[in-house]
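# Observations on chain architecture
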Amino acid sequence: MIVYINVELIVLMPMKKIMMIALFAIVAMTANAQKFALIDMEYILKNVPAYERANEQLNQVSKKWQAEVEALNTEAQTMYKNYQNEVVFLSQEQKKAKQEEIMMKEKDASELKKKYFGPEGELFKKREALMTPIQDEIYNAVKDLSELHGYSMVLDRSTDSGIIYGSPKIDISNEVLKKLGYAR
């Protein structure tokens, strides 16, 4: 297959378009030798009961932890309001002590929020512990099907915005669910 490219057009195109054209040219040249498939990960996950249970568990623990953080924040706000009402009656040492107490409570709330919801927080760890086995199971099913049917690549149509159209004939989502034991 010979591909002709107009160099004048390339100069006027943004880099993203150039990369997309190059990708499609490469795919077009190798498409005859390779097989592709699509999956819809959102569809698969909606049909895996363990995923729904894990999500519910994460929502419950998240609400519980959020309530703890909000309770500390409310306590700090109450302390501050009380301080504002009493400030005229307090000595400098008492003012400083109250301010430090309020700041400590705010710091506690911030640290608790970071502990639960930070990038390496408890929610992240819990999500990873619950979701990784499900994702691994799906990955292994996709891998087995790919090896069985000779797919060179399997793309997720639910997250890849680069897929404009994918024929339902190459969507193996139901096969993946069947392989996982959730036949449709």
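See above for the structure.
This section reports on the structure supplied with the text. (Residues numbered from 1 in each chain as written. Predicted model: local features only at pLDDT ≥ 70, side-chain atom pairs only at ≥ 80, totals over all residues. Heavy atoms only, no water.)

### Here we look at the nonpolar core
For clarity, the threshold we go by: Only buried residues count toward a nonpolar core, which is a set of Ala, Val, Leu, Ile, Met, Phe, Trp, Tyr and Cys residues joined through side-chain atoms within 4.5 Å. Each residue's exposure class comes from its accessible area (1.4 Å probe, protein chains only) as a fraction of the maximum for that residue type: buried when under 20%, exposed when over 50%, partly exposed otherwise. Runs of E in the DSSP output that reach at least two residues are strands. Runs of H or I that reach at least four are helices, and both are numbered from the N terminus. Residue contacts follow a heavy-atom distance rule, with two residues in contact if any of their heavy atoms lie within 4.5 Å.
By size, the foremost hydrophobic cluster in this structure holds 26 residues, and its most contacted members are Ile44, Ile134, Ile138, Val176 and Leu180. Breaking this core down by element, the ones donating at least two residues are strand 1 (35-39), helix 3 (41-46), helix 4 (49-86), helix 5 (92-117), helix 6 (122-149) and helix 7 (173-180). Those residues in contact with Ile44 that sit more than four places away from it in its chain are Ile39, Ile138, Ser173, Val176, Leu177 and Leu180.

### Here's the deal with the packing of aromatic side chains
For clarity, the cut-off: Only rings of Phe, Tyr and Trp enter the pairing, Trp through its six-membered ring, and a pair is recorded when the two centres are within 6.5 Å. The plane angle decides the type: under 30 degrees is stacked, over 60 is edge-to-face, the rest tilted.
Per the stated rule, a full pass over the model turns up three aromatic pairs. Ring geometry for Tyr116 against Phe117: centres 6.3 Å apart, planes inclined by 80°, an arrangement best described as edge-to-face. When its relative accessible area of 8% is taken as the criterion, Tyr116 is described as buried. Taking relative accessible area as the criterion, Phe117 reaches 26% and is therefore assigned partly exposed. An aromatic cluster is present here, built from Trp65, Tyr116 and Phe117 joined pairwise through their rings.

### Considerations on the packing of helix 6 against helix 7
We apply this condition: Fitting a line to C-alpha atoms yields each axis, with helices limited to the stretch in contact; the angle taken between N-to-C directions then spans 0 to 180 degrees. Here the angle decides the label: under 35 degrees means roughly parallel, over 145 means roughly antiparallel, 65 to 115 means roughly perpendicular, and every other value means oblique. What makes a crossing left-handed is the near helix being turned counterclockwise from the far one by less than a right angle; a clockwise turn instead makes it right-handed. Residue polarity follows a fixed list, in which Ala, Val, Leu, Ile, Met, Phe, Trp, Tyr, Cys and Pro are nonpolar, Asp, Glu, Lys and Arg are charged, and the others, Gly among them, are polar.
Their axes nearest at 9 Å, the elements helix 6 and helix 7 cross at an angle of 115°. In terms of their interaxial angle, helix 6 and helix 7 are classed as roughly perpendicular. In the packing of helix 6 onto helix 7, the handedness of the crossing is right-handed. Counted together, Glu137, Ile138, Ala141, Val142, Asp144, Leu145 and His149 of helix 6 and Glu175, Val176, Lys179 and Leu180 of helix 7 form the full contact between these two elements. Its residues placed into classes, the contact of helix 6 with helix 7 shows six nonpolar, one polar and four charged.

### Regarding helix 7
Under the convention used in this document: This arc describes the spread of directions from the helix axis toward the C-beta atoms.
Within helix 7 the residues assigned to the buried category are Ser173, Val176, Leu177 and Leu180. Down the axis, helix 7 shows its buried residues gathered within 100° of arc, on one side only. Contacts made by the buried residues of helix 7 are with strand 1, helix 3 and helix 6. Phi turns positive, to about 95°, at Gly181, one or two residues after helix 7.

### A word on the packing of helix 4 against helix 5
Where helix 4 contacts helix 5, the two axes come as close as 9 Å, and the packing angle between them is 165°. By the angle class used here, helix 4 and helix 5 are roughly antiparallel. As helix 4 packs across helix 5, the resulting crossing turns out to be left-handed. For the contact of helix 4 with helix 5, the per-class residue count stands at twelve nonpolar, four polar and ten charged.

### A short note on helix 4
Threshold: Given the number of residues in a helix, its expected span is that number minus one, multiplied by 1.5 Å.
With 38 residues, helix 4 should reach 56 Å at 1.5 Å per residue; the first-to-last C-alpha distance of 56 Å fits that figure. Within helix 4, the full set of buried residues consists of Ala54, Leu58, Val61, Trp65, Val69, Leu72, Ala76, Met79 and Tyr83. Close packing links the buried residues of helix 4 with helix 5 and helix 6.

### A look at the environment of Leu180
In this fold, Leu180 is placed in helix 7. For Leu180, a relative accessible area of 13% puts it in the buried group. Sequence-wise, Leu180 and Ile44 are 136 residues apart; in three dimensions their C-alpha atoms are separated by 9.8 Å. Once you skip the residues sitting within four places of it in the chain, Leu180 turns out to touch Ile44, Val48, Glu137, Ile138 and Ala141.

Keep in mind these values describe shape, not function.
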